[in-house]
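Below are the chains, spelled out letter by letter.
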Protein chains: 2
Amino acid sequence: MTWVTGAQDSGFGVQHLPYGVFRIDGGEPRIGVRIGNLVLDLAGAEAADLVLAGGALCQPTLNAFLALGRPQWTAVRQRITELLTDPAHRTAVEPLLVPLDEVRMELPFEVADYVDFYSSEQHATNVGEIFRPGQPPLPPNWKHLPIGYHGRAGTVVVSGTPVIRPQGQRPSREGPVFGPSARLDVEAEVGFVVGVPSPLGRRVAAADFAHHVFGVVLLNDWSARDIQAWEYQPLGPFLGKSFATSVAAWVTPLDALRHAFVPAPEQDPPVADYLRDEPHLGLDLRLTVYWNGEPVSEPPFAGMYWTPAQQLAHLTVNGAALRTGDLYASGTVSGPRRDQVGSFLELTWGGAEPVTVAGAERTFLADGDTVTITATAPGPDGSVIALSAVTGTVLPAR
Amino acid sequence: MTWVTGAQDSGFGVQHLPYGVFRIDGGEPRIGVRIGNLVLDLAGAEAADLVLAGGALCQPTLNAFLALGRPQWTAVRQRITELLTDPAHRTAVEPLLVPLDEVRMELPFEVADYVDFYSSEQHATNVGEIFRPGQPPLPPNWKHLPIGYHGRAGTVVVSGTPVIRPQGQRPSREGPVFGPSARLDVEAEVGFVVGVPSPLGRRVAAADFAHHVFGVVLLNDWSARDIQAWEYQPLGPFLGKSFATSVAAWVTPLDALRHAFVPAPEQDPPVADYLRDEPHLGLDLRLTVYWNGEPVSEPPFAGMYWTPAQQLAHLTVNGAALRTGDLYASGTVSGPRRDQVGSFLELTWGGAEPVTVAGAERTFLADGDTVTITATAPGPDGSVIALSAVTGTVLPAR
């Protein structure tokens, strides 16, 4: 129980303690940890020898801290927990607490490579039915490997960054036309942040997931469906995705999600040996997608067919190296019901079945729309952890 | 004419002056420029005030120098040319020259995002005919936009780095099987190195190509055809490519290629406005692919359908930002004749028509094989520039 007033039941109590990078009044970026609606300035804490991380907490991004590895992650977390629970530390720590509304959040880590998976069976099925009606919705490889592709690391942005409507080529009956995307969409996803690198040529076992992965961020993989539909054959999505990918400002450590691991769906046919994870666990994250403040969907992450450990094992089975700051995302999270889908493509069935948002009939995103994704996870002793939201507002094309 | 003996007609005379990063005896990485078979230590030259670049030449990678922009790139090049041509500088400069065989080359720049295009009409046609016989070989979008996708920046390696045969799932009549790739291939390409960044949300015009792009490297996009064939639907190549992409150790500045720009093939149908480049120029680079020392193909880069300026304009038309260190590659360079193709997939027509290499009948790469790609370009006054080779040897799967 923390001595910070109001923090305990906020979803950001001492069970949680996510890391981020903040600025005050345009000052230098500093690493902090969130407690309730306050930020504990960890750069200040390390400078005052209240917490020791070899200087890694005095950096402008989380990368040096991410590279330290699990024993250090756990030690720092334990120390922060002490500082925020033992009243003896209150006098020293209180001056290092900054109200959230006085800070501006930055991208918490420098993204090395960004990979996006496609691991919700329901989402892949929905997309298949919408785009290829009458054909088997899942491609033949889908249940044999977690399909993924590389995205653009340089356009990963922090929650709150406006999203400028992309322009591009889109198909029409008379051939391709150029202009602003008319089918701008969201993809509600969960991203995994790699801390500990691996050398080129050595695969990472699924069992080593927690050795390499530091934590989790909510992620919105903004998608221009019309641009994507025209460009994606045969080499996959490119400009339909690369204009912006938003991530939450606060990275939730895996250590905070120990109570959220649950058995993942059974896999049939059996997977290749390198993809077997024992125990086979997903994460019970319950997402909510808000469209202009109105909840329109509640995607359940626990139902994902491929687990994050399997995704990591697949990503490296060819010998690909991991780097600190690698980010891989789950793919759109969709459950079996229409009010559980993670994209508006699915919510409106390719735009054919509009939904009512704040009294207006809607299909894809209009300029000025704001989409926010939140999630909760079970914490210890019946507590609830609130993952940091990812939000963005659409600006008109330039 | 340089005073460095033997340099002038080596392909690495003062017309060329490519930049790289070297180490001597395991020392710190240093920036250098190649002249003949020597390296001019630019870190030493800047420390001695022989050349001024605000400290950018005293860094462990080229990135800070790349970020300076064209006026500085040109000024530094002019100064280096002076140093290497005016005998008055010989006494000061000679101690900074290191024989190439005494250095070990490093990756010359930290790769930000890596994009791979697919811009040879002949290559795309060949691949279409091999993989989709009886269907139109080019996808319908091919002549409307330069198709591309993001690759793995973290596995871009410098020439000479061994390439470990990747393992993965590949298709068989009984379903997917796991093991070492049995169809390991090369792709002879030309890579473009971005120096000057661009902000998110602002497209880069084709006319601004030379403002943003610093130079050129030969590139081998190693490809496991069997892994790729099974995984690539619907989101494109992933593990079939991400195990290694080799680039030359020396980056040839665009300034060295002024005499290599030639009219690019006419484009029909007409391209969208944002893809119009006036003048519409390609580069007359003549590649040679050596398989275990034997030249097996001479891909002509001048015949590429999409130009590097068009690729840059396409890459950013959706508002995607550029970062210093972005690398984009042309796609496999193939000419119309069988002895002009840039992959062994094409050279052996999908493995159906083996070729004889050093007396043995061969289709794809065997362990121990070495592939080297070289290229020449026309320089001033009838001189010839030799692009730095990219080479790699295949090691057995681990």
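Provided above is the structure to which this section pertains.
Reference entry: report on the structure contained in this document. Since we're looking at a predicted model, the values are computed, not measured.

A few words on the side chain of His280 of chain A. Residues and elements named next belong to chain A. Assignment of secondary structure puts His280 in the loop between β18 (261–263) and β19 (281–283). Only 3.0 Å separates the side chain of His280 from the backbone oxygen of Pro265, close enough to count as a polar contact. Not counting residues up to four positions away in its chain, the partners in contact with His280 are Val262, Pro263, Ala264, Pro265, Gln267, Tyr305, Thr307 and Gln310.

Right, let's talk about the relation of the copies chain B and chain A for a bit. Aligned on chain A, chain B shows an RMSD of 0.0 Å; the corresponding rotation is 180° and the shift along the axis is 0.0 Å. A rotation of that kind, with that shift, is consistent with a two-fold axis. Residue Gly236 of chain B of chain B places its C-alpha closer to the rotation axis than any other residue of that unit, at 2.0 Å. A share of 100% of interface residues in chain B that are also interface residues in chain A marks the association as one of identical surfaces.

Next up on the list: helix α8 (residues 308–316) of chain A. Residues and elements named next belong to chain A. By the criterion of burial, α8 is predominantly enclosed, with 9 of the 9 residues buried. Buried residues of α8: Pro308, Ala309, Gln310, Gln311, Leu312, Ala313, His314, Leu315 and Thr316, and no others. Residues of α8 that are buried sit in contact with β6 (114–117), β13 (188–194), α6 (209–212), β14 (213–220), β19 and β22 (327–329).

When glycine is set aside, most residues are seen to have a negative phi, and most peptide bonds are trans. The residue after Gln233 of chain A, namely Pro234 of chain A, is reached through a cis peptide bond having omega 0°. Examined against the element boundaries, Pro234 of chain A turns out to sit in the loop between α7 (225–231) and β16 (245–247). The omega torsion across Glu278 of chain A and Pro279 of chain A is -5°, close enough to zero to call that bond cis. Residue position: Pro279 of chain A is located in the loop between β18 and β19. With a phi close to 45°, Trp349 of chain A is a non-glycine residue in the positive phi region. For Trp349 of chain A, the position within the fold is in the loop between α9 (344–347) and β23 (355–357). Trp349 of chain A gets classed as partly exposed once you look at its relative accessible area, which sits at 23%. In this structure, Asn292 of chain B takes a positive phi of about 50° despite not being glycine. Tracing the backbone shows Asn292 of chain B in the loop between β20 (286–291) and β21 (294–297).

What counts, and where the lines are drawn
Residues numbered from 1 in each chain as written. Chains lettered and ligands numbered in written order. Predicted model: local features only at pLDDT ≥ 70, side-chain atom pairs only at ≥ 80, totals over all residues. Heavy atoms only, no water. Helix = DSSP H or I, 4+ residues; strand = E, 2+ residues; numbered from the N terminus. Polar contact = N/O pair within 3.5 Å; in protein donor to acceptor, adjacent residues only side chain to side chain. Contact = heavy atoms within 4.5 Å. Least-squares fit on C-alpha atoms with pLDDT ≥ 70 in both. Buried < 20%, exposed > 50% of the residue type's maximum accessible area, 1.4 Å probe, protein only.

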